[in-house]
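Notes for the structure review
Each chain, letter by letter, is given below.
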2 protein chains.
Amino acid sequence: MRVGVFGATGAVGREIIQVLGDRKFPVTELKLYSSPRSAGTTLKTPLGEKTVEAFHPEAGRGLDFCLLSVSGDFSRAHAKALAAQGGIVIDNSSAFRLEDDVPLVVPEVNAAAIGSSRLIANPNCTTAILVVALEPLRQAFGLKRVIVSTYQAASGAGAEGMDELLAETRRVLLEGGPAQARKFRHPLPFNVIPHIDSFQPNAYTREEMKVAWESRKIMGFPGLPISCTAVRIPTLRVHGEAVTIETERPVTAEAARAVLAKAAGVKVVDDVANAVYPMPLTATGQYDVEAGRIRANDVFGEHGLDFFLCGDQLLKGAALNAVQIAERMLPKA
Amino acid sequence: MRVGVFGATGAVGREIIQVLGDRKFPVTELKLYSSPRSAGTTLKTPLGEKTVEAFHPEAGRGLDFCLLSVSGDFSRAHAKALAAQGGIVIDNSSAFRLEDDVPLVVPEVNAAAIGSSRLIANPNCTTAILVVALEPLRQAFGLKRVIVSTYQAASGAGAEGMDELLAETRRVLLEGGPAQARKFRHPLPFNVIPHIDSFQPNAYTREEMKVAWESRKIMGFPGLPISCTAVRIPTLRVHGEAVTIETERPVTAEAARAVLAKAAGVKVVDDVANAVYPMPLTATGQYDVEAGRIRANDVFGEHGLDFFLCGDQLLKGAALNAVQIAERMLPKA
């Protein structure tokens, strides 16, 4: 397969290149594109060192897959034209996620939605991590309500976000000065910022509403009541999510644990007697979403369940999910 | 008033001394006690520099108020004996919080519970921060269910917790080595640990159950359904709390904001158009609990509300609340 990675020098782009190799995606040709500013960078790839080229409007010619991780504006401007050049476009931006004729896919949940589409949207990172755990629970117990509070890492804002957290933490510790904010709205070191993406008229942020909107679409459950509080915290990688659900049918921690243990894309990490539960420390670099702290809550009588997820948002939340979609679209041997 | 601070060299003890001065508590004599190991330390106090003495069993003699912030074991061993020596004992440990004959008090909520008691328990930090916002909302709209996810700072584990976070963050940034854990169960820098205090048979932690048990007692609402997920994150001071409630009567963000704006101990910090919301950065050192991100959630139809709190857990969560209790117990002039 001839594969193009668009936004190759970004945090997600670099992970896509790595994941293609790790999963032995059958790449025969690999083209790397970036903005003119980053063009000329050389990156290690499964096919050896490659130089990143500046994007140009005909860059999709001759490609079987275009994996886009640039920006919503870029995708709105170029994704459909790239698809028209013949390749399948898998877009990591939010540009098309909610368009009726564009599938929004987490393969473990709704691979069938891909159908014959040539443009597929990759979901928001927090959403992808959530639905791999939520869908099997829904299938087993039904789902009435979802409440999520997130613990989101700096890498949600890309490589610049991680660089800023590290540099500003150094500033606080070494210079004793107050941290500065550039990529984030406020200084992130030793702080908590309950604000990711822009505020909507309903006073939720766009990030919080993405979790609601996208989860409903991916799970094919348009009316699912879901409320999210999205919070940036000073971690580098991996989003945590504290999830409370009300189920249709009675649920126990044991039954939920058994369901999640069999769920694709989920790893149950739940041995509290030995202080084993999901954490960024252990979930970083992992493909599976860690699920733990699984317990019945009596807030919803016999229908309440609490659990905690940690997922590497550069992987399941972005690069891995994109490559998994591409894998599902490979021609049958 | 003759005041003794027991555990004077700890993170909370130091704050108690500061708060006594800031609030002009009528201190005529101040005795500072610690373990033999810390005795001899000199501390700045409202009455000038004072040397900390080693605790001894008769240390309560001649005191009007004994403010204890040592440990549950210490309080179980000594609190009642100190009270028998004549002073009023306000205990920051969890030793007596749930005993029927010991009032558990957040003055803005249940000052009347103090009655004629000579031993008063100061609540868990997360609980104190929560109930100052929860009780006025309950009075205005009724309360059916509470779901809380916390973002708890290293100082919840005392001065050693803060020291460890700073030292280990330095280790990661400067030496490039993996962080170590001593006070915490796992390394805290750039990590998230969904585990505070010991695990209970129901798979909740004791910290999480304290929020349920203590909130019910303080609010006089024994059956309140409440589920908490308590999470340690790499911040130094101030606990954040993402709170979702279902009310008895319909609620709107505007109505809730108006209620919280009038609530004692709460400061509404909720101007999202200008990126103003509660954060550790702004709540550190503040007496009032910051409340913001106030919004209606449709998970509970017209009865759902989400909001975010940040409170300095060394102040409202500990030292300030203890001094506020003492203020209520001063002899009437």
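Every chain's residues receive numbers from 1 upward, in the order its sequence appears when written. Chains and ligands are labelled sequentially in the order written, the chains with letters from A and the ligands with numbers from 1. Local features are withheld for residues below a pLDDT of 70 in this predicted model, meaning they are given only at 70 or higher, and side-chain atom pairs are given and counted only at 80 or more; totals for whole chains, interfaces and linings count all residues.

What follows deals with the overall build of chain A. A count of helices and strands for chain A gives 9 helices and 14 strands. As a reference, a globule follows 2.2 Å times the number of residues to the power 0.38, and the radius of gyration itself is taken over C-alpha atoms. Computed over its C-alpha atoms, the radius of gyration of chain A comes to 20 Å, within 12% of the 20 Å expected for a compact globule of 333 residues. Viewed in the frame of its principal axes, chain A has a C-alpha envelope of about 60 × 55 × 45 Å. Exposure is read from a count of other C-beta atoms within 10 Å of each residue's own; the residue is exposed at 12 or fewer, buried at 20 or more and partly exposed in between. C-beta atoms are placed from the backbone. Buried residues in chain A amount to 59% of all 333 residues. A pair of residues counts as a contact when their C-beta atoms, built from backbone coordinates, are within 7 Å of each other. A sequence separation of at least 24 residues applies to 65% of the contacts in chain A between residues at least 6 apart. The secondary structure listing takes helices from DSSP runs of H or I that are at least 4 residues long and strands from runs of E that are at least 2 residues long, numbered from the N terminus.

Here the focus is the packing of helix α4 (residues 125-141) of chain B against helix α7 (residues 253-262) of chain B. Any two packed helices are characterised by the angle at which their axes cross and by the distance between the axes. Residue and element names in this part refer to chain B. As a rule, the C-alpha atoms of each element are fitted with a line to give its axis, helices using only the stretch in contact, and angles between N-to-C directions run from 0 to 180 degrees. It is at 9 Å that the axes of α4 and α7 come closest, and there the two elements cross at 125°. Compared by their axis directions, α4 and α7 come out oblique. Crossing handedness for the pair α4 and α7: right-handed. Listed contacts from α7 to Ala133, Pro136, Leu137 and Ala140 of α4 are Ala256, Val259 and Leu260. Gly is put with the polar residues, along with every residue not named as nonpolar or charged; the nonpolar set is Ala, Val, Leu, Ile, Met, Phe, Trp, Tyr, Cys and Pro, and the charged set is Asp, Glu, Lys and Arg. Broken down by class, the residue content of the contact of α4 with α7 amounts to 7 nonpolar, no polar and no charged. Our angle categories are set so that under 35 degrees counts as roughly parallel, over 145 as roughly antiparallel, 65 to 115 as roughly perpendicular, and the remainder as oblique. Crossings are classed by handedness, with left-handed meaning an anticlockwise turn of the near helix from the far one by less than a right angle and right-handed meaning a clockwise turn.

What follows is about the pairing of strand β1 (residues 2-6) of chain B. Residues and elements named next belong to chain B. Along β1, 4 of the 5 residues are buried, which leaves the element largely enclosed by surrounding structure. Strand pairing is defined by DSSP finding a minimum of two bridges between the two strands. For β1 and strand β2 (residues 29-34), the ladder comprises 5 bridges, and the chain directions are parallel. Considered in β2, the bridge of Val5 is made with Leu32. Of the strand pairs in this sheet, β1 and strand β6 (residues 65-68) are connected by 4 bridges, and their pairing is parallel. Within the sheet, the bridge partner assigned to Val5 lies in β6 and is Leu67.

Let's shift gears to the relation of the copies chain B and chain A. The copies are overlaid by a least-squares fit using only the C-alpha atoms of residues whose pLDDT is at least 70 in both copies. Superposition of chain B onto chain A requires a rotation of 180° combined with a translation of 0.0 Å along the rotation axis, giving an RMSD of 0.0 Å. Taken together, these values place the two copies in the relation of a two-fold axis. A symmetric contact is evident, with 100% of the interface residues of chain B recurring at the interface of chain A.

With that out of the way, let us pick up the pairing of strand β10 (residues 226-229) of chain B. Side-chain positions along a regular strand alternate between the two faces of the sheet. Residues and elements named next belong to chain B. Burial along β10 is two-sided: the face carrying Ile226 and Cys228 and the face carrying Ser227 and Thr229 are both buried. Across 4 bridges, the pairing between strand β9 (residues 145-151) and β10 is parallel. Note that in β10 the partner of Ser149 across the bridge is Thr229.

Listed per partner, the contact involves 48 residues of chain B and 48 residues of chain A. Elements represented by at least two residues in the side of chain B that touches chain A include exactly β9, α5 (158-175), β10, β11 (239-246), α8 (280-283), β13 (289-296) and β14 (304-311) of chain B. Tallied by class, residues from the side of chain B that touches chain A come to 29 nonpolar, 12 polar and 7 charged.

Looking now at the sheet that holds strand β2 (residues 29-34) of chain A. Residue and element names in this part refer to chain A. Taken together, 6 strands build an open sheet; the order of strands is β5-β2-β1-β6-β7-β8 and the sheet is parallel. Each of the sheet's edge strands pairs with one partner strand only, and the pair in question is β5 (53-54) and β8 (119-121). Of the strand pairs in this sheet, strand β6 (residues 65-68) and strand β7 (residues 88-91) are connected by 4 bridges, and their pairing is parallel. Bridge pairing links Leu68 to Asp91 in β7. This element, helix α2 (residues 72-84), spans β6, β7 and β8 of the sheet and lies at about 155° to β7.

A helix's residues, less one, multiplied by 1.5 Å, set its expected span. Given a rise of 1.5 Å per residue, 14 residues ought to cover 20 Å, yet the end C-alpha atoms of helix α9 (residues 315-328) of chain B are separated by just 17 Å, more than 12% below that figure. Throughout, bend refers to the angle between the axes fitted to the seven residues that end at a position and the seven residues that start at it. The largest bend in α9 of chain B amounts to roughly 40° and is located at Asn321 of chain B.

Okay, the domain arrangement of chain A next. The extent of an interface is frequently quoted as the accessible surface area lost upon association of the parts. Residue and element names in this part refer to chain A. The split into domains, and so the bounds of each, comes from an automatic or database assignment of domains. Domains assigned within chain A are domain 1 (2-122 + 319-328) and domain 2 (128-314). On a C-alpha basis, the centroid separation for the pair domain 1 and domain 2 is 25 Å. Put simply, the parts of the chain that give the side of domain 1 that touches domain 2 at least two residues each are α1 (11-22), α3 (107-110) and α9 (315-328). The class makeup of the residues in the side of domain 1 that touches domain 2 is 8 nonpolar, 4 polar and 3 charged.

Residue and element names in this part refer to chain A. The residue Ala283 is located in helix α8 (residues 280-283) in this model. Along the chain, Ala283 and Arg237 lie 46 residues apart, while their C-alpha atoms are 8.8 Å from each other. The contacts of Ala283, once residues within four sequence positions are left out, are Val238, Pro278, Glu290, Cys310, Gly311 and Asp312.

Attention now moves to the sheet that holds strand β7 (residues 88-91) of chain B. Residues and elements named next belong to chain B. One open sheet accounts for 6 strands, arranged β5-β2-β1-β6-β7-β8; its pairing is parallel. Because the sheet does not close on itself, it has two edges, and the strands there are β5 (53-54) and β8 (119-121). Relative to β8, β7 runs parallel, the two being bridged by 3 bridges. Bridging across to β8, Asp91 finds its partner in Ala121.

Every residue is assigned a pLDDT by the predictor, reflecting its confidence on a scale from 0 to 100. Scored by pLDDT, chain A comes out at a mean of 97, with 100% of its residues at no less than 70. Scoring of the predicted complex yields 0.97 for pTM and 0.96 for ipTM.

Once that is clear, we can look at unusual backbone geometry. All names here are of chain A. Phi at Phe190 takes a positive value of approximately 55°, unusual for a residue other than glycine. Here Phe190 lies in the loop between α5 (158-175) and α6 (206-219). The class of Phe190 is buried, set by 27 C-beta atoms lying within 10 Å. Unlike most non-glycine residues, Val238 shows phi in positive territory, near 80°. Position of Val238 among the secondary structure elements: in the loop between β10 (226-229) and β11 (239-246). By the C-beta count within 10 Å, which is 34 here, Val238 ends up buried.

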